[in-house]
Amino acid sequence: MSAFLFVTPSWDGHSWAKALRHVAPHMDVRVWPDCGREEDVHYVAAWLPPANALKRFPNLKAIFSLGAGVDAILSDPTLPSGIPIVRVNDADLTGRMSEYIVLHVLMHHRQMRRLADNQSKRVWENFDQRPASAMTVGIMGLGVLGTDAARKLLMMGFKVVGWSRSAKALHGVRCFDGASQLDAFLNETDILISLLPATPETDGIINRELISKLSCRGPLGAPVIINAGRGRQHVEADILHSLDTGRLHAASLDVFASEPLSTASPLWAHPKVVITPHNAADSDPAVICSYVAGQIARFERGEELVNLVDLKRGY
Ligand code: NDP
Ligand code: OXD
């Protein structure tokens, strides 16, 4: 007996199970907490699994993250060791993220909030509007998502710079890498995007000091931050302080240190903040289940799993 278990306490696991049964009708698919015999569970697919959940399955062969980020799985103190962890790398999710990035870059660049405010007051204000080529977008994280977003921003005419851990060569993108080149990257950046994973190195990276190093030479006179990576990366008090002093022009935040964002957070009502509920790039059950079923079929034929998480790097 080989069973597949969905551990998705904050999502409807049954609709995920239905999608997997559709593409792999032969599979014994179960939904947490109804695990059945724990020895039967060979594969788990997880999103925000409860701590200590995965150690219960002695015959686990692979863990699938149902999103691209794996920080919640890796933070489990009793995560079974030696089990491969596969993350999502799929064109559907990547395309959704690039939609979000292009949307928010354009929204700030074309000052849509100012226009909406003017409309609400019946004000006809034809302010100066610069072309995309006057704006440099800096992307922290040039992985699967950052690379696609960079490509699409270039197509819109923006200048694009990028920063990653290891050196990269991307056509049309000035690439920086490592801690020693971070300041040079920030100095070029008018709109900063984070598509970094959550790791100890990226925790709190978007703080007052980093913001003070961003360019103020862009068309808006102060930089913009768009965080679609992980909420632990930005320091909320520093974002608010920088917005209130004018050092930061605006921020789009899709991810937060604690989700859902507390109704008491001052971010909600801040006129320079755009909040989205961690939906920059949703995981579509039909798409992701066919990706997972494909990986299991490969694995059972004796082929390698792909898009494995590197536990040493933490992403
Ligand atoms: P990848 O692993 O493909 O890319 C991660 C990138 O970050 C790589 O370029 C990596 O550098 C870089 N990086 C990691 N650590 C550092 C560091 N310390 N300093 C500099 N660069 C660093 O991930 P994806 O592009 O697929 O996804 C990125 C993140 O986006 C996910 O981990 C997740 O947190 C978030 N996400 C958010 C979603 C949402 O809806 N808001 C949806 C999906 C993902 P290198 O290339 O050198 O390894
Ligand atoms: C994520 C995702 O990692 O939604 O946030 O894929």
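Since the structure is predicted, the reported quantities are computational estimates derived from the model, not experimental observations.

At a closest axis distance of 9 Å, the pairing of helix 1 (residues 13–23) and helix 9 (residues 285–300) adopts a crossing angle of 50 degrees. One way to sum up the angle between helix 1 and helix 9 is to call them oblique. The chirality of how helix 1 crosses helix 9 is right-handed. Residues W16, A19, L20 and V23 of helix 1 pack against P285, A286, I288, C289, S290 and A293 of helix 9.

Scanning the entire structure with this criterion turns up nine aromatic pairs. With a centroid separation of 5.2 Å and 15 degrees between ring planes, the pair formed by W11 and W47 is classed as stacked. Taken as a pair, W11 in the loop between strand 1 (3–7) and helix 1 and W47 in the loop between strand 3 (41–46) and strand 4 (62–65) lie far apart in primary sequence, 36 residues in all. On the basis of relative accessible area, W11 is assigned to the partly exposed category, the value being 28%. Among the aromatic residues, those joined into a ring-pair cluster are F4, F6, W11, W16, Y43, W47, F64 and F299. Between R114 and the ring centre of F127, over which it is positioned, the NZ or CZ distance is 4.0 Å. The aromatic ring of Y315 is capped on one face by R313, whose charged end is 4.1 Å from the ring centroid.

On to the layout of surface pockets. A volume near 220 Å³ is recorded for the second largest pocket. Looking at the second largest pocket, the residues that line it are M107, H108, Q111, M112, R113, R114, H249, A250, P271, K272 and V274. Listed by contribution, the elements that provide at least two residues to the lining of the second largest pocket are helix 3 (91–109) and helix 4 (112–120). Considering each element in turn, the lining of the second largest pocket owes the most residues, three residues, to helix 4. Residues of the lining of the second largest pocket, tallied by class, amount to five nonpolar, three polar and three charged.

Counted according to the given criterion, the structure contains 20 salt bridges. Residues D117 and K121 are paired through a salt bridge, measuring 2.9 Å at the closest nitrogen-oxygen approach. Salt-bridge contacts for D238 lead to R208; the nearest nitrogen and oxygen are separated by 3.8 Å. Placement of D238 in helix 8 (residues 236–245) and of R208 in helix 7 (residues 208–212) is noted, with a sequence separation of 30 residues between them. Classification of D238 by relative accessible area gives buried; the value is 14%. Members of the salt-bridge network, linked through shared partners, are D28, R30, R37, E39 and D40.

Turning to the domain arrangement of the protein, a few remarks are in order. Each assigned domain of the protein is listed with its residue range as follows: domain 1 (3–88 + 283–300) and domain 2 (91–275). Tallying the contact residues gives nine residues for domain 1 and seven residues for domain 2. Around 600 Å² of area is buried between domain 1 and domain 2 when both sides are counted, 56% of it from carbon and sulfur atoms. For the pair domain 1 and domain 2, the interface holds two salt bridges. The residue R230 makes a salt bridge to D71 at a minimum N-O spacing of 2.9 Å. For the pair domain 1 and domain 2, the number of links is one residue pair in polar contact (both at pLDDT 80 or more). A breakdown of the residues in the side of domain 1 that touches domain 2 according to their chemical character gives four nonpolar, two polar and three charged.

This part takes up the site of ligand 2. Neighbouring residues of ligand 2: W47, G67, A68, G69, L93, R230, H278 and A281. The contact in question runs from an oxygen atom of ligand 2 to an N or O atom on the backbone of A68, over 2.7 Å. One of the side-chain nitrogen or oxygen atoms of R230 is found 2.8 Å away from an oxygen atom of ligand 2. Contact with the protein chains removes 88% of the 210 Å² of surface that ligand 2 exposes when unbound. Class assignment for the residues of the shell around ligand 2 results in four nonpolar, three polar and one charged.

Around ligand 1 sit 30 residues, and of these R87, S166, K168, D254 and Y315 come closest. One nitrogen or oxygen atom from the main chain of V144 is found 2.9 Å from an oxygen atom belonging to ligand 1. Between ligand 1 and K168, the relevant distance is 2.6 Å, taken from an oxygen atom to a side-chain nitrogen or oxygen of the residue. For ligand 1, the protein covers 93% of the area, taking 940 Å² as the surface of the free molecule. At the level of secondary structure, the elements contributing two or more residues to the shell around ligand 1 comprise helix 3, helix 5 (144–156) and strand 7 (159–164). Grouping the amino acids of the shell around ligand 1 by side-chain chemistry returns 15 nonpolar, eight polar and seven charged. Structurally, the shell around ligand 1 is a two-domain feature, drawing no fewer than three residues from each of domain 1 (3–88 + 283–300) and domain 2 (91–275).

Cut-offs used in this document
Residues numbered from 1 in each chain as written. Chains lettered and ligands numbered in written order. Predicted model: local features only at pLDDT ≥ 70, side-chain atom pairs only at ≥ 80, totals over all residues. Heavy atoms only, no water. Axes fitted to C-alpha atoms, helices over the stretch in contact; angles between N-to-C directions. Helix = DSSP H or I, 4+ residues; strand = E, 2+ residues; numbered from the N terminus. Parallel < 35°, antiparallel > 145°, perpendicular 65-115°, else oblique. Left-handed = near helix turned anticlockwise from the far one by under 90°. Contact = heavy atoms within 4.5 Å. Phe/Tyr/Trp six-rings, centres within 6.5 Å; stacked < 30°, edge-to-face > 60°. Buried < 20%, exposed > 50% of the residue type's maximum accessible area, 1.4 Å probe, protein only. Lys NZ or Arg CZ within 6 Å of the ring centre and 35° of its normal. 1 Å grid on protein atoms, 1.4 Å probe; cavity = no way out; pocket = protein on both sides within 12 Å on 5 of 7 lines; lining within 4 Å. Points joined across faces, edges and corners; volume = space filled by probe spheres on them. Nonpolar A, V, L, I, M, F, W, Y, C, P; charged D, E, K, R; others polar. Salt bridge = Lys/Arg side-chain N within 4 Å of Asp/Glu carboxyl O. Domains from an automatic or database assignment. Buried area = accessible area lost by both parts, 1.4 Å probe. Polar contact = N/O pair within 3.5 Å; in protein donor to acceptor, adjacent residues only side chain to side chain. Near = heavy atom within 4 Å. Areas by Shrake-Rupley, 256 points an atom, 1.4 Å probe, with all protein chains shown as cover.

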